[in-house]
Protein chains: 2
Amino acid sequence: MGLSPAIYSDLEKIVGKKYLTAQKEELLCHSYDATGRSFLPDAVIFPENQDQIARIFKLASQKKICIIPRGSGSGMTGGAIPIDGGVVLVTSRMNKIIEIDEDNFIARVEPGVVVSKIHSAVEACGLFYPPDPASSSVCTIGGNVGECAGGPRAVKYGVTRDYVLGLEAVIPSGEIIKTGVSTAKGVAGYDLTRLIVGSEGTLAVVTKVILKLLPKPKAVKTLAVFFDSMDKAAKAISSVMKQAIIPRCVEYMDEASIDLVRKFISFELPKKTRALLILELDGDKDQVEQEAEQIKAFCYGAGAIEVLVAADKAGAQNLWEARKALSPVLYKIAPNKINEDIVVPISKIPEMVEIIRKIQKESGLTVVSFGHAGDGNIHCNIMYDKKDKVQAKRAEKAVDDLFTATLKLGGTITGEHGVGITKMKYLPREIGSLELEIMKGIKKVFDPENILNPGKIFS
Amino acid sequence: MGLSPAIYSDLEKIVGKKYLTAQKEELLCHSYDATGRSFLPDAVIFPENQDQIARIFKLASQKKICIIPRGSGSGMTGGAIPIDGGVVLVTSRMNKIIEIDEDNFIARVEPGVVVSKIHSAVEACGLFYPPDPASSSVCTIGGNVGECAGGPRAVKYGVTRDYVLGLEAVIPSGEIIKTGVSTAKGVAGYDLTRLIVGSEGTLAVVTKVILKLLPKPKAVKTLAVFFDSMDKAAKAISSVMKQAIIPRCVEYMDEASIDLVRKFISFELPKKTRALLILELDGDKDQVEQEAEQIKAFCYGAGAIEVLVAADKAGAQNLWEARKALSPVLYKIAPNKINEDIVVPISKIPEMVEIIRKIQKESGLTVVSFGHAGDGNIHCNIMYDKKDKVQAKRAEKAVDDLFTATLKLGGTITGEHGVGITKMKYLPREIGSLELEIMKGIKKVFDPENILNPGKIFS
């Protein structure tokens, strides 16, 4: 596409010389995300505020320049990648927590705020923002809104969508819109807020997010439960979820995952461990103690080899170590990984685990699966070397088989990562052509010139 | 508009003679909703299934006939009223609970199922569907989806939107769409599900609803708290909500409300009572007992005259009597009522209560306010006689003043009733013209000929 010197200069006038760049190093740094795919943009721009974003879009829509919004680039499906050049718009300078309204359980934040900073800021006020994607120490709330991020605590607390009350955003024409409310309830007009949440930065660039907060739970209790077979663990998950106790996290790791992180675990792993569940309860102190005992007894009844209950916060951190060490370690066993975040109905987890085992066997590749078992959200990592053509082909077939099985079990191909570019070709298997046409019609209402993050979700 | 005999006959072929009518009595019965406004349709049709609805719309879109979907007609803003004739499509025959999937916490239901039937059916399986609008014994789930219904339990559990995982629906072209998922998470494509929820039957006619369920809480504890001033009660509400205990209901009644239901109350009302809160806790048995004690102590600290804790279910029903008697009794004090469901930030409740008192004084009309105080959702009922022109004018000014104050306090003009026709002229005060244009653009994507429930939400 390319940017003319005149347009470059116009953009520079908006943000200042310091905040627009076309330097090779900067272009490279903003060319990729966690998928590892990389496409160079024509320029990278760092606006300071909503007004600058509006002016950037006014120019962009006039001159038909593509704008690709970007938070920290930790996305898993290529949503922030400039696949066809254009200007990457980075929200990192818009990183203020504008207000924490303790009386009304609301936070107002800019899109570039890192999610873990929201966690710590609101927790310091005795409040709680539940969504906690694994990347929370780097990912931004703007990106979380774009993808409708989830995380382990979604089992009990839901996902980003459930905590966004309202938005301010710039639409591709350069106009500013306000959606939603600053109150607990609100149904005036169509729900533009939740339409923009999860739209993967294709409808508008979010400039302010109004978040719903909860009171901070008084106590948290963490348990690690060891099984000698993934099948037993999978069955235990669906049974645990049938109790009236809803843990805030129900994470699982299969045998391949456990093997990978064995040396990072500071507690003793029972010898025959082939599957590990990490459960976390929160609420009132006495209540979580009681519930932990109930869950412990229940898991032993479901065939657990051992149940460890963390005595305190440090103990809980130890139990989480295994799970947290996993994602980074994965890159050590193969140069490339395909991380799919399928979801199946909870009752189908045992069946899905069996299918994943079969896919692993047939492909000859290492397939590591773990994830948010409590809501059926399985992160299935297919490890391979993409330079090896045979492996690459097998990996592609493995993904194909995985999605086919997922949809057959009544599931979805993406629970929290979005479609981006990596799942685009699979989307029509889940969503009918008529529904896709409606979505494209909506895209056109917001972005008639197709200048905002084009080529994502649907082609 | 009128229906030609040929079209009438075509419609008859779709549903059968028995299920299409143009009899005056039937037209009258389907001409109004809870607003009391009435407009005669040209015909009323009772389809049996999705396929018939699809065929009705294929014909309607060809012949440019308006279709107005209707559940039980208990809506509060005229959403189901045929303001310009057309065919009222009643979902009452599509009233099957298709499936309660206990393993996966999901129910699949047809749109015409009465909400309280969903409650009892899932509770019989140890499950729980939280949304409980006051009209739950008559309203249908299809109507609840259309309006994004709330109710008292929204404080803790959220509204209809939070429990709809997926939909099947017929769009005005007569084509069938499927949206969303049958799993706890899902982010594939734009969120058409939540776009249709709350769209007041203007985008599609819902034919199947996939509902998320929760485990049924093991215990419920109900408290009635009496105050000698609404101001103290209002301040207590915002303080209660700041505790880490979230009651599942926090309802309030002002002095005018209490006076109205005094004779229906079977428990003794402390003499100086001028405001009443009803709080309901749910969860584990021991936990709710403890929390009830904490809330009791807390309310006494906040100046309550007395706190009654129900000993059992019958006792709880007694405490609820006052609140439940209220809506029907209202009609006895004046021929007409305007029921507005404004929402303000919780911390602004005391201020809003003061404003309502002022509006009452200035208008000279009886204004009764009560509602879901825990989420700032106040039902403000302006009582008048619309045949009395002076009263009618004063009532209109009162509504105007109410909305002006609500928006000034950062609130919304509708928390759960929707816009329909009654709030249409006020909507532009809350939602900007650009946002309204986007909504109209979305309407056009679904309904280019404007045949589905036209003239609602925005003109």
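All values reported here derive from a predicted model rather than from experimental measurement.

Reading the values: rules and limits
Per-chain numbering applies: the sequence of each chain, read as written, is numbered from 1 onward. Chains and ligands are labelled by the order in which they are written, letters from A for the one and numbers from 1 for the other. Where totals are concerned, whole chains, interfaces and linings use all residues; where local detail is concerned, this predicted model gives features only for residues with pLDDT of at least 70, and gives and counts side-chain atom pairs only at 80 or more. Here the side-chain values reflect all heavy atoms present in the structure, with hydrogen atoms and water set aside. When a carboxyl oxygen of Asp or Glu is within 4 Å of a side-chain nitrogen of Lys or Arg, the pair counts as a salt bridge. Here the term buried applies to any residue with accessible area under 20% of the maximum for its type, exposed to any over 50%, and partly exposed to those in between, with areas from a 1.4 Å probe on protein chains only. Helix numbering and strand numbering both begin at the N terminus, where a helix is a DSSP run of H or I of at least 4 residues and a strand a DSSP run of E of at least 2. What marks off one domain from the next here is an automatic or database domain assignment. Here the copies were fitted onto each other by least squares, based on C-alpha atoms from residues at pLDDT of at least 70 in both. Should any heavy atoms of two residues lie within 4.5 Å, those residues are counted as being in contact. Residue polarity follows a fixed list, in which Ala, Val, Leu, Ile, Met, Phe, Trp, Tyr, Cys and Pro are nonpolar, Asp, Glu, Lys and Arg are charged, and the others, Gly among them, are polar.

1. What to know about the pattern of salt bridges
Working step 1: Applying the stated rule across the entire model yields 60 salt bridges over all chains.
Working step 2: Here A:Asp447 ties to A:Lys443 by a salt bridge, and the two come within 2.8 Å at their closest N and O atoms. Of the two residues, A:Asp447 and A:Lys443, neither departs from the other in class, the shared state being buried.
Working step 3: Put simply, B:Asp341 and B:Lys423 hold a salt bridge, and the shortest N to O gap is 2.3 Å. Taken together, the residues span a long stretch of sequence, with B:Asp341 in strand β16 (residues 336–343) and B:Lys423 in the loop between α13 (389–408) and α14 (427–430) at a distance of 82 residues. As far as the burial class goes, B:Asp341 and B:Lys423 line up, both buried.
Working step 4: Within this structure, A:Lys156, A:Arg248, A:Glu280 and A:Asp282 form a network of salt bridges that share partners.

2. Section: the domain arrangement of chain A
Often, the extent of an interface is quoted as the loss of accessible area upon association of its parts.
Working step 1: Domain annotation of chain A identifies domain 1 (5–90), domain 2 (97–215), domain 3 (219–329) and domain 4 (333–408).
Working step 2: Taking only C-alpha atoms, the centre of domain 1 of chain A and the centre of domain 3 of chain A are 43 Å apart.

3. Here's the deal with the relation of the copies chain B and chain A
Between the two chain copies there is a screw-like relation: a rotation about an axis and a shift along it.
Working step 1: The operation relating chain B to chain A is a screw motion whose rotation component is 180°, with 0.0 Å of axial translation and a residual RMSD of 0.0 Å. Expressed as an axis order, the relation between the two copies is that of a two-fold axis.
Working step 2: Take the interface residues of chain B: 100% of them recur as interface residues in chain A, which is what a same-surface contact looks like.

4. With respect to the interface of chain B and chain A
Working step 1: With 80 residues of chain B in contact, the opposing surface of chain A contributes 80 residues.
Working step 2: Where chain B meets chain A, there are 6 salt bridges.
Working step 3: Breaking the side of chain B that touches chain A down by element, the ones donating at least two residues are β9 (176–180), α7 (192–196), β11 (214–215), α10 (285–301), α14 and α15 (433–446) of chain B.
Working step 4: Examining the composition of the side of chain B that touches chain A, we find that 9 residues originate from one element, α15(B), more than from any other.
Working step 5: Counted by class, the side of chain B that touches chain A contains 35 nonpolar, 24 polar and 21 charged residues.

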